[in-house]
Amino acid sequence: MPALMPETQRSTRRRFALTPVAFVAMALLPLALHAEEADTPLVLQPSALLQEQIPLAMREQMPTFFSGDHTLGRPDLDTVIEGNAMMRKGDMVLQADRVEYYQPDDLVKARGNVHINRAGNIYEGPALELKVDAFEGFFSEPRYQFLKNGAFGQADRADFVDDSRVVLHNATYSTCRRQPGPSWLPAWMLRATTISIDTEEEIGTAEGAVLRFQDVPILAFPTMDFPLSDKRKSGYLPPTIGLDNINGVELTVPYYWNIAPNRDATFFPTVMSKRGVDLGGEFRYLEPEYKGTLRTNYMPSDSLRDRSRWSYALLHSGTVQAGISGIGGVGLNLNLNRVSDDNYWSDFGRATTSLTQRLLASDATVSWGRGNFSASVRTLKWQTLQDVTAPIVPPYDRLPQITGRYARYDLPGGFDASLDGDYTQFSADRNLTKQPNAKRSFALGQISRPWVAPGWFITPKVQLHATRYEFDAPLTNGATTADRTVPTFSLDTGLVFERDASFWGKALRQTLEPRAFYVNTPYRNQSLLPNYDSALNDFNFATVFTENAFGGNDRISDNNLLTLGLTTRFLEPATGAQLAQFGVAQRLRFKDQNVTLPGGTPSTDRLSDFLVGAQLNWDPRWTFDTTVQYNPDTGRSARSSVGGRWNPGNYRVISAAYRYQRNSSATATDGSEQIDIGWQWPLSALWGDKGQDLGAGQGQGAGRWYSVGRLNYSMYDRKLVDGVVGFEYDAGCWLGRIVLDRTQTGTTTTANQKISFQLEFVGFTRLGVGTNPLSVLKENIPRYQYLREQTTTPSRFSQYD
């Protein structure tokens, strides 16, 4: 064992050994002087001296350093240091009043005010015996602190098994920071007969454990595991007790199974006092070429519905095979959702977001692509959950849909061309849809010649749409087939002007971008054709410069119109970041649009509604976005949306949105008008206490109350549609949450209401009553921040002494 030993048997002088840092400083000194003389910058080279983890083989070869007031030793046998004794080796620092080191056994004995820091984990107490390299031994009456989560505690004895494991006898454990004073007790504390700490697996195991909060015992465990970090591990998760106006009292005891680094499963059986037992589970997997999640629920007997209830949701995406020469890439995407009955969406509230809707899709797609070619085969089947008070006309299943595409953007003469094909078999309950099912074949060919320059562009384009239908029942004119061919010509052109500008003392670059888009599509009578997948496009900036007024392929609008738009942007000259954008657009129709959806009326207005939009990101702390659709004939807004967010710092965010849509009839008084508000804010800041912002994931210090919530209010109905309101309390080493969650479950006034409580012991566990309030807050509040999320791994050098 290499060691730096004193040259004499006894010395009354304090001796110091040069540390590696001192050696490095001495070695760099001539280089620094030479660099100064040559007037060239000094470049630091990478070094392994300050690495977080030192391999065992390297640690055994590292030298041992001693220092103290008095030393006594025999070469290669022993060393005794008294008074301010210190021993350093690798990532271990030992300090005590007296240190005895026996080199043949690699054994160190320390007495009096013993302090040992091993890779950031600290132990203090009266006496220690330890084999240094093996890190085997014991510590009498230690106090300790662990690096990973900052936990504290004390024990009658600590037995070091190796450099990763220690067993603490008659021990305590808490993440509450120690306060001065002999009578101080942590806000929460785990006391156990034994606590085993495994820093390699990053788990702790307690036997004969009692969890106390404010010195009151709240839970007792014969044995339990708890995490030392965010690393995944198998075991039971904290139970949750819920209060629900439909389900009654709920008790959930989850179990987490860490199958592999890329696979895990969670089982969450739930007992509901008014319904029965619900067996739930979730399986997740992640591979280099695919990933997915499967969630299932099964209730053998629901007392409220007098039947069994079940649901499943599978989400999968990935590549079946790729990179094989001559084949190309083949992808598989699955989104499968099914429930047992029509009432599932209203009975189970927010429990499974993808399964609490009335239209559930089971969608499977196999796609392929190679070079300029791509193709896909898709099957889509809907489950429609009907409500007798508000029935839904089901969408059409696609069994199957086959698509293909060939595109070239490098044709001679600068031309671009593409050809798209689609074959779909539509099927649904004809008693509900009131129209026949069909097989539809669709082809779209287009060719364009874009000219693009730094300050302008112009793109003429010609399209040809061809469609054929085969119906399983005659149309009103007796036909069982139909054909449609529609040509389209469009011309898209625009200019881009730039100038340097300055507003409010800020240098900017402003653009002015006028744009004109002309489209001409002749009229083809399509009134007898059923509608399987077409809908009227929203009138917004994303659709105003498009050839077809409808989405889907069952309606091709006849058009002879010109769309004019003007956009101005304000950009950061150095980065190109957009700080503001303002735009206007309007359509000039030269003749009526006679192609409509079933039950629709032709468009006869020569001037469309006026579209105005603005986006502001002038300051990173706030954003603003608005779009207004103004009808010049009625002098009123037909549709408006205004949204903004203010985020001045961590745990301070307020978002608000106003959405308004007038009924299609100009004289109607009903429509949709909603206000959506979300927030997270420290309550103490409301009366002027700014506090100390500790950064993301660190909270704002102990004793802070936060208000959190999101409200969606219908002004037409004068009622709250959905709402989440809660409070959080950050006490430093523990957090408290209370959340009220209201979800509308029908078109009437029925709603599912839940109240949730959660007590979180930071770095240890969470105990709750009701649905997990933390997940509810994350899902509903825009930019919600968890108060104590660890974003960086603690460094052993942060408490290295």
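Higher on the page you've got the structure.
Residues numbered from 1 in each chain as written. Predicted model: local features only at pLDDT ≥ 70, side-chain atom pairs only at ≥ 80, totals over all residues. Heavy atoms only, no water.

The next point concerns the overall build of the protein chain. A count of helical and extended segments in the protein chain gives five helices and 49 strands. Counting all 801 residues of the protein chain, 41% fall into the buried class. Summing over all exposed atoms, the protein chain offers an accessible surface of approximately 41400 Å²; the carbon and sulfur share of this is 57%. (Helix = DSSP H or I, 4+ residues; strand = E, 2+ residues; numbered from the N terminus. Buried < 20%, exposed > 50% of the residue type's maximum accessible area, 1.4 Å probe, protein only. Areas by Shrake-Rupley, 256 points an atom, 1.4 Å probe, with all protein chains shown as cover.)

Quick look at the packing of aromatic side chains now. Any two aromatic rings considered together are summarised by their centre-to-centre distance and by the angle between their planes. This model, assessed by the stated rule, comprises 30 aromatic pairs. Residues Trp705 and Tyr729 carry aromatic rings whose centres are separated by 4.9 Å and whose planes lie at 50° to one another, so their mutual orientation is tilted. Of this pair, Trp705 sits in strand E45 (residues 704-714) while Tyr729 is found in strand E46 (residues 719-730), placing the two residues 24 residues apart along the sequence. What makes Trp705 partly exposed here is its relative accessible area of 45%. (Phe/Tyr/Trp six-rings, centres within 6.5 Å; stacked < 30°, edge-to-face > 60°.)

On to the pairing of strand E23 (residues 290-302), then. Note that strand E22 (residues 276-286) and E23 share eight bridges and pair antiparallel. From the neighbouring strand, Arg284 faces E23, where its bridge partner is Thr293. (Pairing = 2+ DSSP bridges.)

On to the side chain of Asp422. The topology assignment puts Asp422 in strand E29 (residues 416-427). Buried charged residue Asp422 carries no salt bridge. Nearest counter-charge: Arg440, at 4.2 Å. Aside from chain neighbours lying at most four places away, what touches Asp422 is Gln401, Ile402, Thr403, Arg440, Ser441 and Phe442. (Lys, Arg positive; Asp, Glu negative; His and termini not counted. Salt bridge = Lys/Arg side-chain N within 4 Å of Asp/Glu carboxyl O. Contact = heavy atoms within 4.5 Å.)

Think of an α-helix as turning once every 3.6 residues; residues three or four places apart then point the same way. When we look at burial in helix H5 (residues 773-780), the residues that qualify are Pro773, Leu774, Val776, Leu777 and Asn780. All buried residues of H5 fall inside an arc of 160° around its axis, so they share one side. (Arc of directions from axis to C-beta.)

Moving on to the state of the cysteines. Evaluation of the coordinates by the stated rule reveals one disulfide. The disulfide bridge from Cys176 ends at Cys733, spanning 2.0 Å between sulfur atoms. As the torsion about the S-S bond is roughly 65°, the Cys176-Cys733 disulfide counts as right-handed. Here Cys176 is found in the loop between strand E12 (165-173) and strand E13 (188-198), whereas its partner Cys733 is found in the loop between E46 and strand E47 (734-744), with 557 residues between them in sequence. Of the two residues, Cys176 and Cys733, neither departs from the other in class, the shared state being buried. (Disulfide = S-S within 2.5 Å.)

The next thing to look at is the nonpolar core. Residues Leu94, Leu168, Tyr173, Trp188 and Phe226 are the most contacted members of the largest nonpolar core, which totals 49 residues. Formed by 14 residues, the second largest nonpolar core is a distinct cluster that contains Val724, Val776, Leu777 and Tyr784. (Core = buried A, V, L, I, M, F, W, Y, C linked by side-chain atoms within 4.5 Å.)

Let's shift gears to the environment of Lys719. By the element assignment, Lys719 lies in strand E46. Residues Lys719 and Gln674, 45 residues apart in the sequence, show an inter-C-alpha distance of 9.9 Å.

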